[in-house]
Amino acid sequence: METEKTLLVIEDEPAILTFLRSSLEDKGWHVEEARTARIGLELAARKKPDAILLDLGLPDKDGLQALKELRKWTSAPVIIVSARGQETDKIAGLDAGADDYLTKPFGIKELLARLRVAMRHASQRPEDAPPLYDHAGLKVDLIGRRVWLRKKEVHLSPLQYDLLAVLVRNAGRVVSQSQLMKEVWGEEREVTPELVRITVHQLRHKIEPDPVRPRSLKTEAGVGYRLEAGED
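Analysis parameters
Residues numbered from 1 in each chain as written. Predicted model: local features only at pLDDT ≥ 70, side-chain atom pairs only at ≥ 80, totals over all residues. Heavy atoms only, no water. Salt bridge = Lys/Arg side-chain N within 4 Å of Asp/Glu carboxyl O. Helix = DSSP H or I, 4+ residues; strand = E, 2+ residues; numbered from the N terminus. Buried < 20%, exposed > 50% of the residue type's maximum accessible area, 1.4 Å probe, protein only. Polar contact = N/O pair within 3.5 Å; in protein donor to acceptor, adjacent residues only side chain to side chain. Pairing = 2+ DSSP bridges. Right-handed = clockwise from strand over helix to strand, strands pointing away. Domains from an automatic or database assignment. Buried area = accessible area lost by both parts, 1.4 Å probe. Core = buried A, V, L, I, M, F, W, Y, C linked by side-chain atoms within 4.5 Å. Contact = heavy atoms within 4.5 Å.

1. Quick look at the pattern of salt bridges
Item 1. Scanning all chains against the criterion turns up 21 salt bridges.
Item 2. The closest approach of N and O atoms between Arg84 and Asp62, which form a salt bridge, is 3.0 Å. Residue Arg84 is found in the loop between β4 (78-82) and α4 (87-95), and its partner Asp62 is found in the loop between β3 (51-54) and α3 (63-70); the two are separated by 22 residues along the sequence.
Item 3. The exposure class of Asp62 is partly exposed, given its relative accessible area of 32%.
Item 4. With a shortest N-O distance of 3.5 Å, Glu228 and Lys218 are connected by a salt bridge. Taken as a pair, Glu228 in the segment after β12 (224-227) and Lys218 in strand β11 (residues 217-220) lie far apart in primary sequence, ten residues in all.
Item 5. Of the residues examined, Lys218 reaches a relative accessible area of 27% and is grouped as partly exposed.

2. What to know about the side chain of Thr74
Item 1. Within the element layout of this structure, Thr74 appears in the loop between α3 and β4.
Item 2. Polar contacts involving the side chain of Thr74 include one to the main-chain amide nitrogen of Ala76, which spans 3.1 Å.

3. A word on the pairing of β3
Item 1. Both faces of β3 are covered, namely the face carrying Ala51 and Leu53 and the face carrying Ile52 and Leu54.
Item 2. With four bridges joining them, strand β1 (residues 5-10) and β3 adopt parallel strand pairing. Within β3, the position partnered with Val9 by the bridge is Leu53.
Item 3. Handedness of the β-α-β unit built from β3, α3 and β4 comes out right-handed.

4. A closer look at the domain arrangement of the protein chain
Item 1. Under the domain assignment, the protein chain is made up of domain 1 (5-123) and domain 2 (127-227).
Item 2. The gap between the C-alpha centroids of domain 1 and domain 2 is 27 Å.
Item 3. In total, domain 1 and domain 2 occlude about 970 Å² of area from one another, counting both sides; carbon and sulfur atoms represent 48% of this.
Item 4. It is Leu94, Asp99 and His121 in domain 1 that bury the most area against domain 2; as a group they hold 43% of the surface buried on that side.
Item 5. Scanning the region where domain 1 abuts domain 2 turns up two salt bridges.

5. Topic: the nonpolar core
Item 1. Membership of the largest hydrophobic core comes to 28 residues, with the highest contact counts inside it found for Val147, Leu164 and Leu180.
Item 2. Going through the elements one at a time, β7 (138-141), β8 (146-149), α6 (158-169), α7 (177-185), α8 (193-207) and β12 are the ones with two or more residues in this core.
Item 3. The element that contributes the greatest number of residues to this core is α6, accounting for seven residues.
Item 4. Core analysis: the next-biggest nonpolar cluster, separate from the first, contains 20 residues, Ala34, Leu54, Leu58 and Ala96 among them.

6. Describing the environment of Glu32
Item 1. Within the secondary structure, Glu32 is located in strand β2 (residues 29-34).
Item 2. For the pair Glu32 and Pro49, spaced 17 residues apart in sequence, the C-alpha to C-alpha distance is 8.5 Å.
Item 3. The residues touching Glu32, leaving out its near neighbours within four places in the chain, are Thr6, Leu7, Leu8, Val9, Leu43 and Lys47.

Following this line, the structure appears as structure tokens:
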């Protein structure tokens, strides 16, 4: 029998807590609740949850600050659930270490899907990540630095490959534009979001059967990009 997983919900709205508890416990999660950042941090340290849902508008401390404190000592998946839907809020959350970002209101099916992806990603430490990505006809060999689309080898520029490799290592997660800028171009170079978009556009034309309707490399509007998780 599968071990019950623990989810810590750091949220101060009673109605949302009730909704999440009833919905998630029906799906096999054990739910711990915290209505302040302080209690949330204490529970996270004591209970060591498998995943965390974090609201940004907490009464005692901003959720982003709580997230930064969590990331000092835990790698548990954190999904932000917030009424703040601005692009800057989403980017700030992802850059602070969140695995994903859901804007309120949201459906339980979407939340469960995001949780599954975050848990799958967390189960693989970077050093244990599979060297071969395989999804929708796209294959990437991170060790051999080779790429295939529908069994035909694809030749990428070094820049295009580096961007794809970052997305492969984070498959299933949203990667913000600023994170791509940092990891692909480096902190010393001045890079604009437009350059990232152009590089993604060029990459799609090489790795997608239909670049207009991409199946692997998806855009998260106003935030960044997500490479769909590879098939087992």
